[in-house]
Amino acid sequence: MPTTHAHVKKLVDRLVTLPSGQGGMFETVEDERKAVRTELGKALERYARSDADATTIVDRLMEGKFRPTPGEMKAVADALPAQRQAARLPEPCETCQRSDFVEVERNGVSAAGRCACARGQRLAAADKLRAEELERLHGERRL
Ligand SMILES: [Zn+2]
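Note that the structure is predicted; figures quoted are calculated from it, not measured.

**Q** Which parts of the structure should I look at to understand the packing of helix 1 (residues 5–15) against helix 2 (residues 30–47)?
**A** At a closest axis distance of 9 Å, the pairing of helix 1 and helix 2 adopts a crossing angle of 125°. One finds that helix 1 runs oblique with respect to helix 2. The hand of the helix 1/helix 2 crossing is right-handed. Contacts between helix 1 and helix 2 pair V8, K9, L11, V12 and L15 from the former with R37, L40, G41, L44 and E45 from the latter. Partitioned by chemical class, the residues of the contact of helix 1 with helix 2 number 6 nonpolar, 1 polar and 3 charged.

Listed below in C-alpha cells is the structure:
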C-alpha cells in the first residue's frame, strides 16, 4: 500500500520542527515554509513504499540535528531493506543464546561484541549500517 497523503502531511509536520541548518534556522516567510513542506512531502511520498515505511524513515530522521534534505531521506529509505533483512535473524548459537552481546577479545582485551555465528554477523552488519546512518545525520552541515 502506498503512502497516504494525510499520513505524509502529519510526518512533514514533525520534520519541519527541526531547524533547517542552512543559514537561517527557520523560514520566516510563509511562501518558503510552504515550499519546504511541499519538497519534504514529495520526497517522502517518492521514497517511502508505505505509511509504515514513512513513519520509520521520519523516526530515524528526527534523531538528526537538522531537517533532512531529500537526499538524506533517500539514504535512510535505501537502508531499510538491509535493516529488515538483518531483523529476520537466524537462531542464536550456544554462545549467544542468552544475549545478543557476547564477550569478544579484541587485541587481547575482552569487550562486549557480536557473536561469530550467522546471527551475530547479521547483528554486526546492522550495527554498522546504523552507525553510518547516524554519522551522516549528525555530521556537520556544509553551508
Ligand atoms: Zn552465536
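**Q** Looking at this structure, how should I read the packing of helix 1 against helix 3 (residues 51–61)?
**A** Any two packed helices are characterised by how steeply their axes cross, that is the angle between the axes, and by the distance between the axes. At a minimum axis separation of 10 Å, helix 1 and helix 3 run at an interaxial angle of 0°. Comparing their axes, helix 3 and helix 1 come out roughly parallel. Mapping the contact onto sequence places H7, V8, L11, R14 and L15 in helix 1 and D51, A54, T55, V58 and L61 in helix 3. Looking at side-chain class alone, the contact of helix 1 with helix 3 contains 6 nonpolar, 2 polar and 2 charged residues.

**Q** Quick question: what am I supposed to make of the pairing of strand 1 (residues 102–106) here?
**A** Strand 1 sits mainly on the outside: 0 of its 5 residues count as buried. Bridge count for strand 1 against strand 2 (residues 109–113) is 5 bridges, and the pairing is antiparallel. Across the sheet, the residue bridging to V102 is G113, located in strand 2. The turn linking strand 1 back onto strand 2 is made up of 2 residues, and N107 within it adopts a positive phi angle of 50°.

**Q** Looking at this structure, how should I read helix 3?
**A** Helical geometry: 3.6 residues make up each α-helical turn, so side chains three or four residues apart lie on a common side. Within the span of helix 3, buried status applies to A54, I57, V58, R60 and L61. Take helix 3 and look down its axis: the buried residues cluster within an arc of 155°, on one side only. Exposed side chains of helix 3 directed beyond 90 degrees from the buried face belong to A52 and D59.

**Q** Even after reading the chapter, I still don't get the environment of A125, so can you show me in this structure?
**A** Within the element layout of this structure, A125 appears in helix 5 (residues 118–138). A125 gets classed as partly exposed once you count the C-beta atoms within 10 Å, which come to 15. Taking C-alpha positions, A125 is 9.0 Å from A82, a pair spaced 43 residues apart along the chain.

**Q** I would appreciate a short explanation of the nonpolar core in the present structure.
**A** As a rule of thumb, nonpolar side chains are buried together in soluble globular proteins. Grouped together as the largest cluster of nonpolar side chains are 15 residues, with contacts concentrated most on L11, L44, A54, I57 and M73. Counting residues per element, the ones that place at least two in this core are helix 1, helix 2, helix 3 and helix 4 (70–87). Setting aside anything within four residues of it in sequence, one finds L44 in contact with T3, V8, L11, V12, A54, I57 and M73.

What counts, and where the lines are drawn
- Residues numbered from 1 in each chain as written.
- Predicted model: local features only at pLDDT ≥ 70, side-chain atom pairs only at ≥ 80, totals over all residues.
- Axes fitted to C-alpha atoms, helices over the stretch in contact; angles between N-to-C directions.
- Helix = DSSP H or I, 4+ residues; strand = E, 2+ residues; numbered from the N terminus.
- Parallel < 35°, antiparallel > 145°, perpendicular 65-115°, else oblique.
- Left-handed = near helix turned anticlockwise from the far one by under 90°.
- Contact = placed C-beta atoms within 7 Å.
- Nonpolar A, V, L, I, M, F, W, Y, C, P; charged D, E, K, R; others polar.
- Buried ≥ 20, exposed ≤ 12 C-beta atoms within 10 Å, placed from the backbone.
- Pairing = 2+ DSSP bridges.
- Arc of directions from axis to C-beta.
- Core = buried A, V, L, I, M, F, W, Y, C linked by C-beta atoms within 7 Å.

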